Amino acid sequence: MTGIAILCLLIAQEPLAKDPGAFDPTAREPVRRAPLPPAGPAPHLADGRPDFGGKGAWYPGFAGNIAEPKWKGVKSADRHVDVPFLPPALKLFNERVENIGKDDPEAKCLPVGVPRYMFDPYPFQMIQMADRVIFLFEGDNYPWRIVPTDGRAHAKDVNPTWMGDAVGHYEGDTLVVDVTGFNGLAWLDQAGHAQTEQAHLVERYTRTDSRTLKYEVTIDDPGAYSKPWVATNTVSWRPGMELIEYVCNEDEKSSVHMIGK
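An account of the accompanying structure is given in this report. It should be emphasised that the depicted structure is a prediction, and the values quoted were computed from it without experimental measurement. (Residues numbered from 1 in each chain as written. Predicted model: local features only at pLDDT ≥ 70, side-chain atom pairs only at ≥ 80, totals over all residues. Heavy atoms only, no water.)

**A look at the side chain of Asn65**
Rules: Under the scheme used here, helices are H or I runs from DSSP no shorter than 4 residues and strands are E runs no shorter than 2 residues, and both carry numbers assigned from the N terminus. Each residue is placed in one exposure class: buried if its accessible area under a 1.4 Å probe, protein chains only, is under 20% of its type's maximum, exposed if it is over 50%, and partly exposed if it falls in between. Only heavy atoms enter the contact rule, under which two residues are in contact if any of them lie within 4.5 Å.
Looking at the secondary structure, you find Asn65 in the loop between strand 1 (56-59) and strand 2 (70-71). Here Asn65 falls in the buried class, since its relative accessible area comes to 3%. Discounting chain neighbours no more than four positions away, the residues touching Asn65 are Trp71, Ser76, Ala77, Phe93, Asp189, Ala191 and His193.

Below, the structure is given as structure tokens:
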């Protein structure tokens, strides 16, 4: 598709669906926690690599729309992004917003994929080994993810999956993860940003101090967007937090009631 053709499509595209608003507009503000003491410096492993572990867990909070700082009445991603939708992807996004996400894979106990794990309200841990990083997730229907850091390239014949095929490396204090090989079934977030089988993601994890993980993801998906775009989230460290058992489909009776509008 030529640049002029893409420009014409973007000019003619339909408007973005409105934020559906707070879950409960009458709900009281949550009780604020007492201020924490000042954060310390970011820890490092003996070999100089950044240390993404410790006695606790990372907690992303709820960022239901990775392109908006506020969604459904609460804080969402770090900043607003003008998402470069292609018209079919915008139409699909608007439909998902307007029918209140009734077809969200998470509601059907399916994996949410990448990068949604870094924006959903479930804690996770990062276990660093010499040749890989293992992510352990408490929720979102997929308990683990393995990212090799031994210098390997992507496999030539990748079996498409929800999580994609990931390879990583360190750039100073940042873990960089390159991901391809998606099955195109996941939503990028609860709001409904689409992902296709053409998606290629580059994630950057940077622990800026003892309590803060900066997450940045570049989304390059020519099946849904006219150019790459970047979403970010600030993830908090919860000292002493332990992951607990999470079972989605045990005696599940709720998803059938997600009828939308």
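Further notes follow.
**Quick word on the packing of aromatic side chains**
To keep it simple, the criterion reads: The criterion for an aromatic pair is that two Phe, Tyr or Trp rings (for Trp, the six-membered ring) have centres within 6.5 Å, with stacked assigned to planes under 30 degrees apart, edge-to-face to planes over 60 apart and tilted to the rest. Think of it as a cone above the ring: NZ of Lys or CZ of Arg counts as a charge over the ring if it is within 6 Å of the ring centre and within 35 degrees of the ring normal.
For the structure shown, the criterion picks out 12 aromatic pairs. Here Tyr122 and Tyr246 contribute two aromatic rings whose centre-to-centre distance is 5.3 Å and whose plane-to-plane angle is 75 degrees, an arrangement assigned as edge-to-face. A residue pair is termed long-range when its members are at least 10 positions apart, and Tyr122 in the loop between helix 2 (87-98) and strand 4 (124-128) and Tyr246 in the segment after strand 11 (229-239) qualify at 124 residues. Site record: aromatic cluster; members linked through ring pairs are Tyr117, Phe119, Phe124, Phe135, Phe137, Tyr205 and Tyr215. Positioned over the ring face of Phe135 is Arg145, at 5.5 Å from the centre of the ring. Positioned over the ring face of Trp237 is Arg207, at 4.9 Å from the centre of the ring.

**So, unusual backbone geometry**
Of the consecutive residues Val114 and Pro115, the connecting peptide bond is found in the cis state with omega at 10 degrees. A positive phi angle is found at Cys109, which is not glycine, with a value near 65 degrees. Among the structural elements, Cys109 can be located in the loop between helix 2 and strand 4.

**Section: the side chain of Gln125**
Threshold: Between N or O atoms, a polar contact is any pair within 3.5 Å; within protein, one atom must be a potential hydrogen donor and the other a potential acceptor, and residues adjacent in sequence are included only when both atoms are from side chains.
Secondary-structure assignment places Gln125 in strand 4. Separated by 3.0 Å, the side chain of Gln125 and the backbone oxygen of Gly56 make a polar contact.

**A short note on the state of the cysteines**
The line we're drawing: For the purposes of this analysis, a disulfide is any pair of cysteine sulfur atoms at a distance within 2.5 Å.
Using the criterion set out here, one finds 1 disulfide in the structure. With its sulfur 2.1 Å from that of its partner, Cys109 forms a disulfide with Cys248. Its S-S torsion of approximately -85 degrees makes the covalent link between Cys109 and Cys248 left-handed. In this pair, Cys109 is assigned in the loop between helix 2 and strand 4 and Cys248 in the segment after strand 11, connecting sequence segments 139 residues apart. The class for Cys248 is partly exposed, based on a relative accessible area of 23%.

**Things to note about the environment of Tyr59**
Note that Tyr59 resides in strand 1. By relative accessible area, Tyr59 is classed as partly exposed at 24%. Along the sequence, Tyr59 and Gly113 sit 54 residues apart, while their C-alpha atoms lie 17 Å from each other. Every residue in contact with Tyr59, bar those within four places of it in the chain, is listed here: Pro121, Tyr122, Pro123, Val235, Ser236 and Arg238.

**Re the pattern of salt bridges**
Short version of the rule: A pairing counts as a salt bridge when a side-chain nitrogen of Lys or Arg comes within 4 Å of a carboxyl oxygen of Asp or Glu.
In total, this model carries 11 salt bridges according to the counting rule given. Residue Lys91 is joined to Glu95 by a salt bridge in which the shortest nitrogen-to-oxygen separation is 2.7 Å. Taken together, the residues Lys91 and Glu95, both in helix 2 and 4 residues apart, mark about one turn of the helix. Exposure remark for Lys91: the relative accessible area of 45% places this residue in the partly exposed category. By relative accessible area, Glu95 is classed as partly exposed at 36%.

**What to know about the nonpolar core**
What counts is decided by this rule: Among the buried residues, those of types Ala, Val, Leu, Ile, Met, Phe, Trp, Tyr and Cys that are joined through side-chain atoms within 4.5 Å form a nonpolar core.
Among the nonpolar cores identified, the biggest contains 48 residues, and Met118, Phe124, Met126, Phe135, Tyr205, Tyr225 and Trp229 are the most heavily contacted of them. For this core, the secondary structure elements donating two or more residues are helix 2, strand 4, strand 5 (132-137), strand 8 (174-180), strand 9 (200-209), strand 10 (212-220) and strand 11. Among all residues touching Met118, those that are not within four sequence positions of it are Pro60, Phe124, Phe135, Phe137, Tyr205, Tyr215, Asn233 and Val235.

**Focus: the pairing of strand 11**
Which entries qualify depends on this criterion: Strands qualify as paired when DSSP identifies two bridges or more between them.
The sheet contact formed by strand 1 and strand 11 spans 4 bridges and is antiparallel. Directly across from Ala57, in strand 11, lies its bridge partner Arg238. In this sheet, strand 11 lies alongside strand 10 in antiparallel orientation, the contact comprising 8 bridges. Across the sheet, residue Glu216 finds its bridge partner in strand 11, namely Thr232.

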